[in-house]
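Overview (structure and organization)
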Amino acid sequence: MSSYTKQDIIRMVEEEDVEFIRLQFTDMFGTLKNVAITKSQLEKALNNRCMFDASSIEGFVRIEESDMYLCPDLDTFAIFPWRPQQGKVARIICDIYRPDKTPFEGDPRYILRRTIDEAAKLGYHLDVGPECEFFLFHTDEDGGPTTVSHERAGFFDLGPVDLGENARRDMVLTLEDMGFEIESSHHEAAPAQHRIDFRYDEALKTADNIMTFKLAVKTIAKRFGLFASFMPKPKYGINGSGMHLNISVTKDGRNIFADPQDKRGLSAEAYYFIGGLMEHMRGMTAVTNPLVNSYKRLVPGFEAPIYITWSESHRRPLIRIPVERGESTRIELRSPDPAANPYLALAVCLAAGLDGIKNKILPPEPVSVSVMEMTKAERESLHITALPANLREAVDELEKDPLLRKVLGDHISEKYAEEKHAEWEDYCRQVTGWEIDNYLYKI
């Protein structure tokens, strides 16, 4: 990671002819926000004197306590390669502070940073590699998004069947211009569905990268007359989009999940980490799968996990241990989707795993066959439980989990649950097309 100084950034802005700087931050629900300044105001911003009205941001604060400061993280400075080459646009990701210079407890980036700091006190360094999936749809005559695509491509197909191949290529090149190390890109299983994998990094950098990734993908898609959607399940009858998280933990430069003496090549800490994830999974799901729509993906028949199990040999459980061992040993969590706020999602995942290590929570035995093929009695005999079936159930579980409430803090725990309960209740009051199609003509 670069270690920029204020003088470095001022110099780069001058040398690269940057005219506008976007001071970016993320709200509680994972929406990217920004305040744009010109380079004449850069020094003021770098001195942490840029104030904004936080009461206008959903889930932040009331009007009477609205003044907050944007404090730039200098190492996140980047120039947008898709903007004009004269009068360029750059961005800096910011942390949010109160007027008394204390961190704002409703800032998702602060929640993740605090979790990382607590792990560091135990000597642990956390790395995460995401697998981000998305759809490329046509836009309508007004430029608005649709769910229409003319392609019928499937897993690993290429052009001309893969109509998004050119857009995906430009996305990769753009991301590389911004410093990403792209490991692979390909068409996914569903028509118009794509995936671009970038290299793992430490947890905070990875969360920043996910937000940048989504912005770049949407921007480049628009250039091609397409709309990039990270909605978990935009169409009935096809696979939804996931954001699998590959997690590894090191201590003193050594991967603590590896143990060549174990029959599976896994250490006690690896088992405990898995146990912690499984222990807190039902409550975590409200954060890792935050929308009503998220639970349309977590259904039988479409590869996404439904039951809380783990495996080293089967590819479709909730938690999978990829085949690499030694320093490449990692734990893959397959339930999160790309609608999740990455800062909060990583915070609860890492905290749950670390709770497993602290309290030596052993997981049940791994499952080597498809749980979907088991009978209900077989699942019950193995004490296999399911993920929450809908958003309301997930939020109820979140509210019952003391560890997760502590990780998120009182501010986010309360406001997040309140907003998500309201979202569920609003959804339940809707009259859907399915209801009209199935009831209107026969009642």
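This write-up is about the structure you can find in this document. (Residues numbered from 1 in each chain as written. Predicted model: local features only at pLDDT ≥ 70, side-chain atom pairs only at ≥ 80, totals over all residues. Heavy atoms only, no water.)

Along the backbone of the chain there are 12 helices and 16 strands. Here the C-alpha atoms of the chain give a radius of gyration of 22 Å, agreeing with the 22 Å that 2.2 N^0.38 yields for 443 residues. Along the first, second and third principal axes, the C-alpha set of the chain runs to 70 × 60 × 45 Å. Of all 443 residues assigned to the chain, the portion counted as buried reaches 53%. Across the chain, contacts joining residues at least 24 apart in sequence account for 70% of those joining residues at least 6 apart. When the accessible area of the chain is evaluated, it comes to approximately 20,700 Å², of which 49% is carbon and sulfur surface. (Helix = DSSP H or I, 4+ residues; strand = E, 2+ residues; numbered from the N terminus. Rg over C-alpha atoms; globule rule 2.2 N^0.38 Å. Buried < 20%, exposed > 50% of the residue type's maximum accessible area, 1.4 Å probe, protein only. Contact = heavy atoms within 4.5 Å. Areas by Shrake-Rupley, 256 points an atom, 1.4 Å probe, with all protein chains shown as cover.)

As a further point, take the pairing of strand 9 (residues 193-198). Walk down a regular strand and you will see the side chains alternate between the two sheet faces. The buried fraction of strand 9 is high, at six of six residues. Neither face of strand 9 is left uncovered, since the one carrying Q193, R195 and D197 and the one carrying H194, I196 and F198 both have all their residues buried. As judged from the five bridges shared by strand 8 (residues 182-187) and strand 9, these two strands associate in the antiparallel manner. By the bridge assignment, S185 is partnered in strand 9 with I196. (Pairing = 2+ DSSP bridges.)

On the surface, V431, I436 and L440 cluster together into a nonpolar patch covering about 310 Å² of accessible area. Secondary-structure assignment places L440 in the segment after helix 12 (433-439). Since its relative accessible area comes to 59%, L440 is described here as exposed. (Patch = residues over 30% accessible without salt bridge, like charges linked within 9 Å, V, L, I, M, F, W, Y side chains within 5 Å. Salt bridge = Lys/Arg side-chain N within 4 Å of Asp/Glu carboxyl O.)

On to the state of the cysteines. Tallied over the full model, the rule gives zero disulfides. Lacking any disulfide linkage, C349 is separated from the closest cysteine sulfur, that of C132, by 13 Å. Since its relative accessible area comes to 0%, C349 is described here as buried. (Disulfide = S-S within 2.5 Å.)

Attention now goes to empty space enclosed by the protein. Under the defined criterion, the tally for this structure stands at one cavity of 30 Å³ or more. Empty space within the largest cavity amounts to approximately 30 Å³. Lining the largest cavity are Q24, F25, T26, L32, I93, C94, R109 and Y343. If you list the elements that add at least two residues to the lining of the largest cavity, you get strand 1 (18-26) and strand 6 (88-97). (1 Å grid on protein atoms, 1.4 Å probe; cavity = no way out; pocket = protein on both sides within 12 Å on 5 of 7 lines; lining within 4 Å. Points joined across faces, edges and corners; volume = space filled by probe spheres on them.)

What follows deals with the pattern of salt bridges. Going through the model one piece at a time under the given rule, you end up with 25 salt bridges. D95 is paired through a salt bridge with R109; the nearest N and O atoms lie 2.9 Å apart. Of this pair, D95 sits in strand 6 while R109 sits in helix 3 (residues 108-121); the two residues are 14 residues apart in sequence, bridging distant segments of the chain. Taking relative accessible area as the criterion, R109 reaches 3% and is therefore assigned buried. The closest approach of N and O atoms between D208 and R109, which form a salt bridge, is 2.7 Å. Of this pair, D208 sits in helix 5 (residues 203-223) while R109 is found in helix 3, placing the two residues 99 residues apart along the sequence. We classify D208 as buried; its relative accessible area is 4%. What you see here is one network of salt bridges that share partners, running through D73, D95, R109, R113 and D208.

Interaxial distance between helix 3 and helix 5 falls to 9 Å at its minimum, and their mutual angle equals 155°. As judged from the angle between their axes, helix 3 and helix 5 are roughly antiparallel. When the axes of helix 3 and helix 5 are compared, the crossing they make is right-handed. On helix 5, the residues touching R109, L112, R113 and I116 of helix 3 are A203, L204, A207 and D208. The class makeup of the residues in the contact of helix 3 with helix 5 is five nonpolar, no polar and three charged. (Axes fitted to C-alpha atoms, helices over the stretch in contact; angles between N-to-C directions. Parallel < 35°, antiparallel > 145°, perpendicular 65-115°, else oblique. Left-handed = near helix turned anticlockwise from the far one by under 90°. Nonpolar A, V, L, I, M, F, W, Y, C, P; charged D, E, K, R; others polar.)

On to the side chain of N341. With respect to the secondary-structure elements, N341 resides in the loop between strand 16 (331-333) and helix 8 (342-359). In this structure the side chain of N341 is engaged in a polar contact, spanning 3.1 Å, whose partner is the backbone oxygen of M28. Those residues in contact with N341 that sit more than four places away from it in its chain are T26, D27, M28, F29, G30 and P108. (Polar contact = N/O pair within 3.5 Å; in protein donor to acceptor, adjacent residues only side chain to side chain.)

Right, let's talk about the packing of aromatic side chains for a bit. Within the structure shown, the criterion is met by 15 aromatic pairs. Following the ring pairs from residue to residue traces out a cluster consisting of F134, F180, F198, F213 and F230. Against the face of Y69 rests K101, its NZ or CZ located 4.0 Å from the ring centre. Sitting over the ring of Y200, R199 keeps its end group 4.4 Å from the ring centre. (Phe/Tyr/Trp six-rings, centres within 6.5 Å; stacked < 30°, edge-to-face > 60°. Lys NZ or Arg CZ within 6 Å of the ring centre and 35° of its normal.)

As for its position among the elements, H138 is in strand 7 (residues 124-138). Among the residues examined, H138 registers a relative accessible area of 26% and is labelled partly exposed. Distance in space between the C-alpha atoms of H138 and I319 is 34 Å, their sequence separation being 181 residues. Sequence-distant contacts of H138, that is, excluding residues within four places in its chain, are made with G144, P145, T146, V148, S149, H150, G225 and L226.

Attention now moves to helix 8. For an α-helix, the turn length of 3.6 residues means that residues three or four places apart are oriented alike. Relative to the 26 Å expected for 18 residues at 1.5 Å per residue, helix 8 spans 26 Å between its end C-alpha atoms, a close match to the ideal helical length. A side-chain oxygen of the first residue of helix 8 lies 3.0 Å from the backbone nitrogen of Y343; this N-cap is N341. (Expected span 1.5 Å × (residues − 1).)

Take T76: it is sitting in the loop between strand 4 (67-72) and strand 5 (78-79). A relative accessible area of 8% means that T76 is categorised as buried. Those residues in contact with T76 that lie beyond four places of it in its chain are R91, I92, I93, R109 and D208.

That is the geometry; function is a separate question.
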